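Listed below are the residues making up each chain.
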Amino acid sequence: MPVIAHAEPWSGEFALGYLATTGNSDTSSVNARGALVYAAERWKNTLTASAINTYADSVSSAENYAATEQADFNFTPRDYAFVAIEWNKDLFAAIRERTSETTGYGRHVLVGPTHLLDLELGAGARQLQTNDHPRERESDFIGRGALKYQWNLSPTATLHQALKIEAGESNTYTESVTQLKLSIIGNLFANLSYTLKNNSNTAPDTEHTDTETAVTLSYEFGKAKG
């Protein structure tokens with residue numbers, strides 16, 4: 001960690017949240033996520049991963065894993081091309097596993113210092129497996145749109161909003177993540193987040209929308225270069 005933390009151009013964040021109750025019911029919930037960014041000259045590479053596990057009376061009620069890898073090439077100070085690979089597995093949602101590979105164009109619409117906004121538009125392929133038919137895999141062509149917004153409310157508080165839409169013939173997937181980050185001391189932060197995931201096409205007995213509310217502590221290191 002000390003080597004990475006001081007070796008430009010690396011930056012990253014690791015967060016962990018845990019909640020446990022005992023008494024009439026025994027429950028436990030763990031949510032963790034990590035991000036590692038390498039940004040140098042015109043290239044930026046971002047790797048993220050997250051996991052959520054919830055147990056009630058020793059029975060699992062939520063289990064979700066996700067990972068993304070995105071490479072950006074800035075061909076002007078405001079414009080960039082990207083290639084993204086995303087994977088998500090949810091054992092209790094309508095879509096059990098989703099993998100997508102997309103490429104496209106992005107623009108830094110707002111560059112700070114108070115407001116930062118990136119917009120992305122692309123296309124690619126997606127593979128789906130449902131919990132109703134876990135052995136069957138559907139593949140289709142998709143269009144992808146994404147928004148990444150950051151509002152620096154104060155030196156100690158930041159609001160983040162991310163929105164992503166993947167539209168294909170078999171399903172339209174929408175994901176919204178709203179996060180408030182509060183500085184505690186040094187590189188330590190408290191995070192409050194709300195995530196909404198929606199699938200347009202699900203089985204009759206499953207919900208279209210899943211939500212996640214999380215409170216985590218995170219540690220940041222390094223400083224990204226754009």
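Above this note sits the structure.
Definitions and cut-offs
- Residues numbered from 1 in each chain as written.
- Predicted model: local features only at pLDDT ≥ 70, side-chain atom pairs only at ≥ 80, totals over all residues.
- Heavy atoms only, no water.
- Helix = DSSP H or I, 4+ residues; strand = E, 2+ residues; numbered from the N terminus.
- Rg over C-alpha atoms; globule rule 2.2 N^0.38 Å.
- Buried < 20%, exposed > 50% of the residue type's maximum accessible area, 1.4 Å probe, protein only.
- Areas by Shrake-Rupley, 256 points an atom, 1.4 Å probe, with all protein chains shown as cover.
- 1 Å grid on protein atoms, 1.4 Å probe; cavity = no way out; pocket = protein on both sides within 12 Å on 5 of 7 lines; lining within 4 Å.
- Points joined across faces, edges and corners; volume = space filled by probe spheres on them.
- Nonpolar A, V, L, I, M, F, W, Y, C, P; charged D, E, K, R; others polar.
- Pairing = 2+ DSSP bridges.
- Patch = residues over 30% accessible without salt bridge, like charges linked within 9 Å, V, L, I, M, F, W, Y side chains within 5 Å.
- Salt bridge = Lys/Arg side-chain N within 4 Å of Asp/Glu carboxyl O.
- Phe/Tyr/Trp six-rings, centres within 6.5 Å; stacked < 30°, edge-to-face > 60°.
- Lys NZ or Arg CZ within 6 Å of the ring centre and 35° of its normal.

**Q** Tell me about the overall build of the protein chain, residues and numbers included.
**A** Within the protein chain one finds one helix and 12 strands. Across the protein chain, helices and strands are ordered from the amino to the carboxyl terminus as α-β-β-β-β-β-β-β-β-β-β-β-β. Relative to a compact globule of 226 residues, whose C-alpha radius of gyration would be 17 Å, the protein chain shows 18 Å and is just as compact. The principal-axis extent of the C-alpha atoms belonging to the protein chain is close to 50 × 45 × 30 Å. With 226 residues in all, the protein chain has 34% of them scored as buried. Split by element, the accessible area of the protein chain, about 12800 Å² in all, is 61% carbon and sulfur.

**Q** Explain the layout of surface pockets to me, using residue names and the numbers behind them.
**A** Space inside the second largest pocket adds up to approximately 400 Å³. Along the wall of the second largest pocket there are 20 residues; nearest its centre are Ser 29, Ile 52, Thr 54, Ala 62 and Glu 212. The greatest single-element share of the lining of the second largest pocket, amounting to six residues, is contributed by strand β12 (residues 209-222). Among the residues making up the lining of the second largest pocket, the classes are represented as eight nonpolar, eight polar and four charged.

**Q** Give me the pairing of strand β10 (residues 172-185): which residues, what numbers.
**A** Across 11 bridges, the pairing between strand β9 (residues 157-168) and β10 is antiparallel. Considered in β10, the bridge of Lys 164 is made with Glu 175. Hairpin remark: β9 followed by β10, antiparallel, with three residues in the connecting loop. Where β10 folds back onto strand β11 (residues 188-199) in an antiparallel hairpin, the turn is made up of two residues, including Gly 186, whose phi is positive at roughly 60°.

**Q** Account for empty space enclosed by the protein, naming residues and giving values.
**A** Using the criterion set out here, one finds one cavity of 30 Å³ or more in the structure. What the largest cavity holds in volume is close to 120 Å³. Lining the largest cavity are Asn 64, Asn 88, Asp 90, Ala 93, Ile 95, Arg 98, Tyr 173, Lys 197, Asn 198, Asn 199 and Asp 210. Elements represented by at least two residues in the lining of the largest cavity include exactly β5 (79-90), β6 (95-111) and β11. The residue makeup of the lining of the largest cavity, split by class, is three nonpolar, four polar and four charged.

**Q** Tell me about a nonpolar patch on the surface, and name the residues and values.
**A** A grouping of Ile 184, Ile 185, Leu 188, Leu 217 and Tyr 219 is seen on the molecular surface, where their side chains present a nonpolar patch of about 460 Å² in accessible area. If you list the elements that add at least two residues to the nonpolar patch, you get β10 and β12. Looking at the secondary structure, you find Ile 184 in strand β10. With relative accessibility at 46%, the residue Ile 184 sits in the partly exposed group.

**Q** Account for the packing of aromatic side chains, with residues named and values stated.
**A** A full pass over the atoms with the stated rule returns four aromatic pairs. Ring centres of Trp 43 and Phe 73 lie 4.9 Å apart, and the angle between their planes is 55°; on these two criteria the pair is classed as tilted. In this pair, Trp 43 sits in strand β3 (residues 43-56) while Phe 73 sits in strand β4 (residues 59-74), placing the two residues 30 residues apart along the sequence. When the ring centre of Tyr 173 is taken as origin, the NZ or CZ atom of Arg 98, which lies over that ring, is 4.0 Å away. Over the aromatic face of Phe 189 sits the side chain of Lys 181, whose NZ or CZ is 5.7 Å from the ring centroid.

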